[in-house]
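Structural overview
The chain contents come next:
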Amino acid sequence: MELTTLEQHLLLAIIGLHPNAYGVSIQDYIKERTGREPSTGSIYASLDRLEEKGFVKSRQGEPTGERGGKRKLYFTVTASGQHTLRASLQALDALSHGTVLGAAI
Amino acid sequence: MKINTKRALFINMGNSQGVLIHEKGLFRFVECSATQQTSTELLRWPELIRAARALGANADGNTESEFLKLMFDLTFDSTFRDLLAEDKPPFDGQSVRLQNPPRIAEFLLISLSSLSHGDAMVGDLNERFADECKKFGRQRAVRLYWARTLRSLRPLLGRAVSKALKWAAVIAAARRLTGL
């Protein structure tokens, strides 16, 4: 199963932030490391797709005052998601291997 | 009514003004319009919420008064809740304008996403909004909220359309199989 670049970033962010991966923390994590901030809508649209494929699962947190009483939604990567992510990253590695870019990395 | 400004919070609700008074651990709310003042008794905070409903119903024949909306908003306002937790005269004659994010933007986001995700997404934007109100002020925070909302609409719309197309394909396949 192919993963888009954003989906790869999201899965890596969720793993890196575990167990506190929710919308705002994921967005900040990706922005700090890539220099680009994905929109909230694109994050949730991609997470919805990933959840449908069974690569992530979500659980609701507590509502807070600063969120207007809305609950956080925490995400974790499933075993299937980790497997697919690993395969995707290995494919990238295999593609870059033997190229000038691969040597530089 | 004479109001001791040390224990009063003046609140601008847009169309009217109110004063929230803190006395000996209890609260009284006075709503001031051009022609009259209406006031609750001195009550504990949860009871004041209930009184807000009755005040709204008596004043306008309408249960969703500005007063009631104010009370709900204050209940979820983190600064106000911190003041309640400290249990001391919090107001000292301060004046505050409620920092509510744009409701139309919230509605757009929720209408284009699933129930749990929509709520969480709006919560994320509200969290950013609360932070930016403190850092940059309300006006800039509202502009940033709208900018984030508009950036989010296209991917959400794309996702909603692809889900709808998938269901349309499933229904079409089912019809072909069953001959309907």
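Computed from a predicted model, the values in this text were never measured in an experiment.

1. Description of the interface of chain A and chain B
- With 29 residues of chain A at the interface, the matching set in chain B holds 24 residues.
- When chain A packs against chain B, the two sides together hide about 2400 Å² of surface, and 48% of this comes from carbon and sulfur.
- Linking chain A with chain B are eight salt bridges.
- The partner of Asp 48 of chain A in a salt bridge is Lys 163 of chain B, and the shortest N-O contact between them spans 2.8 Å.
- Our count for the chain A to chain B interface comes out at 15 residue pairs in polar contact (both at pLDDT 80 or more).
- Those elements that provide at least two residues to the side of chain A that touches chain B are helix H2 (23–34), helix H3 (40–53) and strand E2 (71–77) of chain A.

2. Re empty space enclosed by the protein
- Under the defined criterion, the tally for this structure stands at one cavity of 30 Å³ or more.
- Considered as a void within the structure, the largest cavity measures approximately 50 Å³ in volume.
- Around the largest cavity, the lining residues are Gly 23, Val 24, Gln 27, Thr 40, Ile 43 and Tyr 44 of chain A together with Asp 124, Leu 125, Arg 128 and Arg 148 of chain B.
- Sorting the residues of the lining of the largest cavity by element identifies H2 and H3 of chain A together with helix H5 (115–136) of chain B as the ones contributing at least two each.
- For the lining of the largest cavity, the class distribution of residues is four nonpolar, three polar and three charged.

3. Observations concerning the nonpolar core
- In this structure, Ile 14, Ile 26, Leu 47, Leu 50 and Phe 75 of chain A are the most contacted members of the largest nonpolar core, which totals 32 residues.
- Contributing elements (two or more residues each) for this core: helix H1 (5–17), H2, H3 and E2 of chain A together with helix H4 (103–111), H5 and helix H6 (138–178) of chain B.
- With six residues, the single largest contributor to this core is H5 of chain B.
- Not counting the four nearest positions on each side in its chain, Ile 14 of chain A is found in contact with Ala 21, Ile 26, Leu 47, Val 56, Phe 75, Thr 76 and Val 77 of chain A.

4. Some thoughts on the confidence of the model for chain B
Residue and element names in this part refer to chain B.
- Predicted confidence across chain B gives a mean pLDDT of 70, with 53% of residues reaching 70 or more.
- Scored below 50 in pLDDT, residues 56–64 shows eight contacts in the model against residues more than four places distant or in partner chains.
- When the criterion is pLDDT under 50, residues 86–98 qualifies, and its contacts beyond four places in sequence or with other chains add up to 36 contacts.
- The complex model carries a pTM of 0.63, and its ipTM stands at 0.87.

5. Looking at the packing of H1 of chain A against H3 of chain A
Residue and element names in this part refer to chain A.
- It is the contact of H1 with H3, at a shortest axis distance of 10 Å, that shows an interaxial angle of 80°. On the basis of their axis angle, the class for H1 and H3 is roughly perpendicular. Listed contacts from H3 to Leu 6, Glu 7, Leu 10, Leu 11 and Ile 14 of H1 are Ser 42, Ile 43, Ser 46, Leu 47, Arg 49, Leu 50 and Lys 53.

6. Observations regarding the packing of aromatic side chains
Residues and elements named next belong to chain B.
- Within the structure shown, the criterion is met by three aromatic pairs over all chains.
- With 5.7 Å between their ring centres and 90° between their planes, Phe 129 and Tyr 145 make a pair best called edge-to-face. Placement of the pair is Phe 129 in helix H5 and Tyr 145 in helix H6, with a sequence separation of 16 residues. Judged on exposure class, the residue Phe 129 and its partner Tyr 145 are both buried.
- Of note, Arg 140 hangs over the ring of Phe 136, and the distance from its end group to the ring centre comes to 4.3 Å.

7. Structural notes on H3 of chain A
Residue and element names in this part refer to chain A.
- When the terminal C-alpha atoms of H3 are compared, their 20 Å separation across 14 residues agrees well with the 20 Å that a helix rising 1.5 Å per residue should span.
- Within H3, 10 of the 14 residues are buried, which leaves it mostly tucked inside the rest of the structure.
- Every buried residue of H3 is accounted for by Thr 40, Gly 41, Ser 42, Ile 43, Tyr 44, Ala 45, Ser 46, Leu 47, Asp 48 and Leu 50.
- Looking one or two places after H3, you find Gly 54, whose phi comes out positive at around 85°.

8. Side note on the side chain of Ser 25 of chain A
Residue and element names in this part refer to chain A.
- Turning to its location among the elements, Ser 25 is positioned in helix H2.
- By relative accessible area, which is 15% here, Ser 25 ends up buried.
- Among the polar contacts made by the side chain of Ser 25, one reaches the main-chain carbonyl oxygen of Tyr 22 at a distance of 3.0 Å.
- Among residues more than four places away in sequence, those in contact with Ser 25 are Leu 17 and Asn 20.

9. Here's the deal with the environment of Glu 51 of chain A
- Mapping Glu 51 of chain A onto the fold places it in helix H3.
- Exposure remark for Glu 51 of chain A: the relative accessible area of 26% places this residue in the partly exposed category.
- For the pair Glu 51 of chain A and Val 77 of chain A, spaced 26 residues apart in the sequence, the C-alpha separation amounts to 9.2 Å.
- Discounting residues that sit within four places of it in the chain, Glu 51 of chain A has contacts with Val 56, Lys 57, Ser 58 and Phe 75 of chain A together with His 117 of chain B.
- Within the local environment of Glu 51 of chain A, its side chain forms a polar contact with the side chain of His 117 of chain B, the two groups lying 3.1 Å apart.

Parameters at a glance
Residues numbered from 1 in each chain as written. Chains lettered and ligands numbered in written order. Predicted model: local features only at pLDDT ≥ 70, side-chain atom pairs only at ≥ 80, totals over all residues. Heavy atoms only, no water. Contact = heavy atoms within 4.5 Å. Buried area = accessible area lost by both parts, 1.4 Å probe. Salt bridge = Lys/Arg side-chain N within 4 Å of Asp/Glu carboxyl O. Polar contact = N/O pair within 3.5 Å; in protein donor to acceptor, adjacent residues only side chain to side chain. Helix = DSSP H or I, 4+ residues; strand = E, 2+ residues; numbered from the N terminus. 1 Å grid on protein atoms, 1.4 Å probe; cavity = no way out; pocket = protein on both sides within 12 Å on 5 of 7 lines; lining within 4 Å. Points joined across faces, edges and corners; volume = space filled by probe spheres on them. Nonpolar A, V, L, I, M, F, W, Y, C, P; charged D, E, K, R; others polar. Core = buried A, V, L, I, M, F, W, Y, C linked by side-chain atoms within 4.5 Å. Buried < 20%, exposed > 50% of the residue type's maximum accessible area, 1.4 Å probe, protein only. pLDDT = per-residue confidence, 0-100. Axes fitted to C-alpha atoms, helices over the stretch in contact; angles between N-to-C directions. Parallel < 35°, antiparallel > 145°, perpendicular 65-115°, else oblique. Phe/Tyr/Trp six-rings, centres within 6.5 Å; stacked < 30°, edge-to-face > 60°. Lys NZ or Arg CZ within 6 Å of the ring centre and 35° of its normal. Expected span 1.5 Å × (residues − 1).

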